[in-house]
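These are the residues of each chain, in order.
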Amino acid sequence: MKRFYAPASIGNFCVGFDSLGAAIAPLDGTLLGDVVSAEAAEQDSFECIGPYADKLPSRAEENLAYQCLVHFREHVAATMPGVKLTLEKRLPIGSGLGSSACSVVATFAALDAFAQTQLSQTQMIELMADFEGKVSGGRHYDNITPCYLGGLQLTAELIPDRALSLPSDDNWRLVVAYPGFALNTAAARAVLPQQLATHDAVEFAQRLSAFTFLMTQHQFDKAVALMRDEIAEPSRAPLIKGFAEAKQSLPELGALMVSISGAGPTLLALCDNDQDAQRCQLWLQQHYLNEHGFSHICRIDPQGTREIKEGE
Ligand SMILES: Nc1ncnc2c1ncn2[C@@H]1O[C@H](COP(=O)(O)OP(=O)(O)OP(=O)(O)O)[C@@H](O)[C@H]1O
Ligand SMILES: N[C@@H](CCO)C(=O)O
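Only a predicted model underlies this, so the values are computations on that prediction, with no experimental measurement involved.

This paragraph deals with the overall build of the protein chain. If you tally the helices and strands in the protein chain, you get 10 helices and 13 strands. Against the 2.2 N^0.38 benchmark of 20 Å for 312 residues, the protein chain shows a C-alpha radius of gyration of 19 Å, consistent with a compact globule. For the C-alpha atoms alone, the extent of the protein chain along its principal axes is close to 60 × 40 × 35 Å. By residue count, 55% of the 312 residues in the protein chain fall in the buried class. In the form shown here, the protein chain has an accessible surface area of approximately 13700 Å², with 49% of it arising from carbon and sulfur atoms. Side chains of the protein chain give 23 positive and 37 negative charges; the mean places of these two sets differ by 1 Å.

The next thing to look at is the site of ligand 1. Around ligand 1, 19 residues are found, and the nearest of them are Gly94, Gly96, Ser99, Ser100 and Thr185. For ligand 1, an oxygen atom lies 3.2 Å from a polar atom in the side chain of serine 95. Serine 103 places a polar side-chain atom, nitrogen or oxygen, 3.0 Å from a nitrogen atom of ligand 1. Burial of ligand 1 by the protein chains amounts to 89% of its free accessible area of 620 Å². Across the shell around ligand 1, the residue classes tally to 7 nonpolar, 10 polar and 2 charged.

Ranked by size, the top nonpolar core spans 74 residues in total, and within it Phe13, Leu20, Ile24, Phe108 and Met227 carry the most contacts. Both of domain 1 (2-166) and domain 2 (173-300) provide at least three residues apiece to this core. Once residues lying within four places of it in the same chain are set aside, the contact partners of phenylalanine 108 are Cys68, Phe72, Met124, Leu127, Met128 and Phe131. The next biggest cluster of nonpolar side chains, apart from the first, holds 22 residues, and it includes Leu183, Ile240, Cys271 and Tyr288.

Quick look at the domain arrangement of the protein chain now. Domain annotation for the protein chain reports domain 1 (2-166) and domain 2 (173-300). Between domain 1 and domain 2, the C-alpha centre-to-centre distance is 23 Å. Here domain 1 and domain 2 share an interface that buries about 2900 Å² over both sides, 71% of which is from carbon and sulfur atoms. Among the residues domain 1 hides against domain 2, the three largest losses belong to Cys14, Val15 and Phe17. Together they make up 23% of the total. Across the contact surface, domain 1 and domain 2 share 1 salt bridge. With its nearest N and O atoms 2.7 Å apart, the salt bridge here joins arginine 189 to aspartate 18. Applying the counting rule to domain 1 against domain 2 returns 9 residue pairs in polar contact (both at pLDDT 80 or more). Sorting the residues of the side of domain 1 that touches domain 2 by element identifies β2 (9-11), β3 (20-26), α3 (121-136) and β7 (152-155) as the ones contributing at least two each. Ranked by residues supplied to the side of domain 1 that touches domain 2, first place goes to β3 with 6 residues. Looking at the side of domain 1 that touches domain 2 residue by residue, the classes come out as 21 nonpolar, 14 polar and 2 charged.

What follows concerns the UniProt feature "binding site: ATP" (unreviewed entry) in the protein chain. The UniProt record marks Pro92, Ile93, Gly94, Ser95, Gly96, Leu97, Gly98, Ser99, Ser100, Ala101 and Cys102 with the feature "binding site: ATP" (unreviewed entry), using the residue numbering of this structure. Checked against the element boundaries, serine 95 lands in the loop between β6 (83-88) and α2 (99-115). Not counting residues within four places of it along the chain, the set of residues in contact with serine 95 comprises Tyr178, Gly264, Pro265 and Thr266. With respect to the helices and strands, glycine 96 occurs in the loop between β6 and α2. Discounting residues that sit within four places of it in the chain, glycine 96 has contacts with Ser9, Ser261, Gly262, Ala263 and Gly264.

All right, on to the pattern of salt bridges then. Side chains carrying opposite charge are able to pair once their charged atoms draw close together. Applying the stated rule across the entire model yields 19 salt bridges. Note that arginine 306 is salt-bridged to aspartate 301, the shortest N-O span being 3.1 Å. Overall, arginine 306 belongs to the buried group, its relative accessible area being 19%.

Taking 1.5 Å as the rise per residue, α2 with 17 residues should run 24 Å; its terminal C-alpha atoms sit 24 Å apart, in good agreement. Counting buried positions over the 17 residues of α2 gives 14, a clear majority of the element. Two residues or fewer past α2, glutamine 116 is found with a positive phi of approximately 50°.

We now examine the packing of helix α1 (residues 64-75) against α2. Two numbers describe how α1 lies on α2: the axes approach to 9 Å, and their chain directions differ by 35°. Crossing geometry of α1 relative to α2 is assigned as right-handed. Packed against α1, whose contacting residues are Leu64, Ala65, Cys68, Leu69 and Phe72, the element α2 presents Ser100, Val104, Thr107, Phe108, Leu111, Asp112 and Ala115 at the interface. Looking at the contact of α1 with α2 residue by residue, the classes come out as 9 nonpolar, 2 polar and 1 charged.

A sheet is described by the order of its strands in space; here 5 strands give the open sequence β5-β6-β4-β1-β13, paired in mixed fashion. On the outer flanks of this sheet lie β5 (45-49) and β13 (306-307), each paired with one strand and no other. Across 5 bridges, β5 lies against β6 in parallel orientation. Residue cysteine 48 lies in a different strand from β6, and its bridge partner there is leucine 87.

Reading the values: rules and limits
- Residues numbered from 1 in each chain as written.
- Chains lettered and ligands numbered in written order.
- Predicted model: local features only at pLDDT ≥ 70, side-chain atom pairs only at ≥ 80, totals over all residues.
- Heavy atoms only, no water.
- Helix = DSSP H or I, 4+ residues; strand = E, 2+ residues; numbered from the N terminus.
- Rg over C-alpha atoms; globule rule 2.2 N^0.38 Å.
- Buried < 20%, exposed > 50% of the residue type's maximum accessible area, 1.4 Å probe, protein only.
- Areas by Shrake-Rupley, 256 points an atom, 1.4 Å probe, with all protein chains shown as cover.
- Lys, Arg positive; Asp, Glu negative; His and termini not counted.
- Charge placed at Lys NZ, Arg CZ, Asp CG, Glu CD.
- Near = heavy atom within 4 Å.
- Polar contact = N/O pair within 3.5 Å; in protein donor to acceptor, adjacent residues only side chain to side chain.
- Nonpolar A, V, L, I, M, F, W, Y, C, P; charged D, E, K, R; others polar.
- Core = buried A, V, L, I, M, F, W, Y, C linked by side-chain atoms within 4.5 Å.
- Domains from an automatic or database assignment.
- Contact = heavy atoms within 4.5 Å.
- Buried area = accessible area lost by both parts, 1.4 Å probe.
- Salt bridge = Lys/Arg side-chain N within 4 Å of Asp/Glu carboxyl O.
- UniProt positions renumbered as here; feature names shortened; annotations may be inferred.
- Expected span 1.5 Å × (residues − 1).
- Axes fitted to C-alpha atoms, helices over the stretch in contact; angles between N-to-C directions.
- Left-handed = near helix turned anticlockwise from the far one by under 90°.
- Pairing = 2+ DSSP bridges.

Structural data, given as structure tokens:
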């Protein structure tokens with residue numbers, strides 16, 4: 001049996017709309033992501049279990065993981081033996097934590113290992129991005145690539161091998177708070193501006209290129225000081241109850257930057273020490289989460305998708 005874990009990720013990472021993303025790992029060791037297993041069977045079958053399984057369509061045909069299996073058999077490994085695919089859905093849907101990417105990445109990683117197809121990194125990322133594009137209303141790589149490869153990734157079709165891995169500060173504490181309601185990614189993309197003024201496009205390019213350069217130079221404080229999202233946040237913030245208040249309150253508690261994770265509604269607060277992160281987390285627990293929400297203090301997950309043992 002092949003069993004793979006794919007971690008949650010933060011799309012956009014504030015300054016890199018559709019182009020920058022980070023895989024995350026809670027400091028307390030919680031597996032914040034989906035798990036997929038592939039085991040030999042007489043014929044193909046699919047099961048979806050786990051805490052968020054009941055939030056997905058009940059028909060296998062509508063589940064992305066099953067769609068990935070059908071595609072893999074038809075287009076990649078026609079002679080693969082029969083497989084029982086099980087998705088353990090551990091991330092909420094429409095969370096801004098790359099939930100669909102997690103299922104897609106874990107499924108293709110498990111199938112590639114099960115069928116011993118040994119696809120290249122680029123082939124895998126392209127397969128995965130096709131499926132992400134199907135549901136989110138746009139083909140973007142910023143959840144797929146960090147989820148698959150780990151780390152902080154500058155990622156796009158025009159980038160060699162689709163990904164450039166950036167260093168990050170070991171002191172960073174990423175406080176993520178999922179408020180407990182869903183925001184559909186396609187809906188959150190529909191409110192984005194259709195066009196950018198030349199000045200805004202130039203400033204976006206300047207900000208992302210300076211951020212990237214400073215990160216490669218390990219000048220993390222200067223890089224963080226540049227972090228602003230003027231592309232997506234202005235039009236998405238009104239869709240997220242409580243975001244504006246959090247953005248105002250958290251810097252006083254030590255957050256160096258407050259932004260929307262991916263398409264939202266998960267909020268990201270960046271701190272550089274545990275005490276500030278704990279203060280921000282407490283505020284978010286008290287003011288941002290409903291009874292279905294959760295929060296974690298995370299670091300960047302350097303590993304990305306990986307094989308795990310049964311029971312892990
Ligand atoms: N295995 C799956 N995981 C997640 N979504 C799935 C899956 N299978 C089917 N879907 C459907 O795909 C859509 C995913 O919606 P959306 O893109 O908003 O969510 P998301 O990827 O979870 O968002 P985010 O990237 O912000 O976490 C939903 O309609 C959901 O029902
Ligand atoms: N870059 C994508 C991420 C979706 O999680 C967006 O912001 O729409």
